[in-house]
Amino acid sequence: MEQMKQSIRKSAKGQAMPAAVCPIRPQAFAPCDDTTVRWLGSAGAFINSRGTTLMIDPLLEGYDMPVLFESPILPADVPSLDALLITHIDNDHFSRATCRDLRGVCKAWHATGYVAEEMRAEGLPATGHAIGERFRVGDLCVTLTPADHDWQNDFEAYSFRHWAKEDCCGFWIETADGTIWAPGDSRLMEEQLHMPEPDVILFDFSDNAYHITLDGAVRLANAYPRAALIPIHWGTVDAPDMDTFNGDPDVLRARVTDPGRVHALCPGEAFKLGGLAI
């Protein structure tokens, strides 16, 4: 089917949120002859690339703030994953409850060095990587890209360690059908404007000083004018007064070149590399 025409609605408090949730069925994990991306809500994504399956930053249960919709899939309903990738430690990205409940079905776990240490403390057999390091998940090649999200250094409550830039990352994923880039939560970095052009960006556009900001998001989007943009980090947490969570994809559309490439998916809706929602 085509992308849902009414993919955005307003919550009772006026916050932009998805119009519906598309449950993810077991067949979404089956071998296939293409690559699809599904937004899981929050900053999470599920990718099936010709039968190789992975999730990035899944928050499927147990968040400590109220949410606007139910997850399109629960950990108990995930049949298998080849890998799970975590960009950084924040609990809307590293959901410990979700990760623990996926342990029995996930073959490999990848993150930055610090986050991998924290994952291993949870009993998860995680591998830590440096920024720029490459690894493989099946036929996919994954590279860690830089991110700038060391917000904890500005708050006394988190001074029990120094938070380094390399504790956070993005993931650049090369598939047989194109390239998917998840920059992660990050202030805009100059090097992020000079990557090869990706086919799809999992796009945080939070207008927050510890994130990319809306102006920064527009700069990043327009640096890659042919990339499809799948908004993430919006419409999930019931927080209309918190700029970290309350972005509106229609505002983004109004400012980027070729607004038709902004695909505000409903959670669980599949986007096929090449530009089709199916």
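Scroll up for the structure.
These remarks concern the structure in this document. These numbers were taken from a predicted model, which means no experiment stands behind them. (Residues numbered from 1 in each chain as written. Predicted model: local features only at pLDDT ≥ 70, side-chain atom pairs only at ≥ 80, totals over all residues. Heavy atoms only, no water.)

1. A short note on the overall build of the protein
Within the protein, the regular secondary structure consists of 4 helices and 16 strands. For the protein, whose C-alpha radius of gyration is 17 Å, the value lies close to the compact-globule estimate of 19 Å for 278 residues. Across the 278 residues of the protein, 57% fall into the buried class. Contacts in the protein between residues far apart in sequence, at least 24 positions, make up 65% of those at least 6 positions apart. If the 23 positive side-chain charges of the protein are averaged to one point and the 40 negative ones to another, these points end up 4 Å apart. (Helix = DSSP H or I, 4+ residues; strand = E, 2+ residues; numbered from the N terminus. Rg over C-alpha atoms; globule rule 2.2 N^0.38 Å. Buried < 20%, exposed > 50% of the residue type's maximum accessible area, 1.4 Å probe, protein only. Contact = heavy atoms within 4.5 Å. Lys, Arg positive; Asp, Glu negative; His and termini not counted. Charge placed at Lys NZ, Arg CZ, Asp CG, Glu CD.)

2. Focus on empty space enclosed by the protein
Throughout the structure, instances matching the rule amount to 3 cavities of 30 Å³ or more. In this structure, the largest cavity spans a volume of roughly 60 Å³. In terms of lining, the largest cavity is formed by Pro183, Gly184, Ser186, Gln192, Phe203, Asp204, Ile212 and Leu220. Here the residues of the lining of the largest cavity are counted per class, giving 4 nonpolar, 3 polar and 1 charged. (1 Å grid on protein atoms, 1.4 Å probe; cavity = no way out; pocket = protein on both sides within 12 Å on 5 of 7 lines; lining within 4 Å. Points joined across faces, edges and corners; volume = space filled by probe spheres on them. Nonpolar A, V, L, I, M, F, W, Y, C, P; charged D, E, K, R; others polar.)

3. Things to note about the pattern of salt bridges
Opposite charge on two side chains makes pairing possible when the charged atoms of those side chains draw close. For the structure on display, the rule yields 17 salt bridges. Arg253 is the salt-bridge partner of Asp250, the closest N and O atoms lying 2.5 Å from each other. You can see Asp250 and its partner Arg253 sitting in helix H4 (residues 249-253), 3 residues apart, about one turn around the helix. Through salt bridges with shared partners, one network takes in Arg96, Arg100, Glu118 and Glu122. (Salt bridge = Lys/Arg side-chain N within 4 Å of Asp/Glu carboxyl O.)

4. As for the side chain of Asp90
In this structure, Asp90 sits in the loop between strand E6 (83-85) and helix H1 (96-102). Side-chain polar atoms of Asp90 contact the side chain of Trp151, separated by 3.1 Å. Discounting residues that sit within four places of it in the chain, Asp90 has contacts with His149, Trp151 and Gln152. (Polar contact = N/O pair within 3.5 Å; in protein donor to acceptor, adjacent residues only side chain to side chain.)

5. Notes on the packing of aromatic side chains
Aromatic rings considered in pairs are described by the distance between their centres and by the relative angle of their planes. Here the structure, examined in full by the defined rule, presents 10 aromatic pairs. With 5.5 Å between their ring centres and 85° between their planes, Tyr114 and Trp163 make a pair best called edge-to-face. Of the two residues, Tyr114 sits in helix H2 (residues 113-121) while Trp163 sits in the loop between strand E10 (140-146) and strand E11 (169-175), which places them 49 residues apart along the sequence. The burial state of Tyr114 is the same as that of Trp163; both residues are buried. Through pairs of rings, three or more aromatic residues link up here, namely Trp151, Phe155, Tyr158 and Tyr210. A cation over an aromatic ring shows up here: Arg161 above the ring of Tyr114, its NZ or CZ 3.7 Å from the ring centre. Note that Arg161 overlies the ring of Trp163, its terminal NZ or CZ placed 4.6 Å from the centroid. (Phe/Tyr/Trp six-rings, centres within 6.5 Å; stacked < 30°, edge-to-face > 60°. Lys NZ or Arg CZ within 6 Å of the ring centre and 35° of its normal.)

6. With respect to the environment of Arg9
Residue position: Arg9 is located in strand E1 (residues 8-10). A C-alpha to C-alpha distance of 8.9 Å links Arg9 and Ala20, two positions 11 residues apart in sequence. Arg9 has contacts with Gln15, Ala16, Met17, Pro18 and Ala19, leaving out every residue within four places of it along the chain.

7. Things to note about the nonpolar core
Leu54, Ile56, Leu85, Phe171, Ile173, Leu202 and Phe203 are the most contacted members of the largest nonpolar core, which totals 52 residues. Per-element accounting of this core gives the leading share, 5 residues, to helix H3 (residues 214-223). If you look at the next biggest cluster of nonpolar residues, it comprises 26 residues, including Phe29, Phe46, Tyr114 and Trp163. (Core = buried A, V, L, I, M, F, W, Y, C linked by side-chain atoms within 4.5 Å.)

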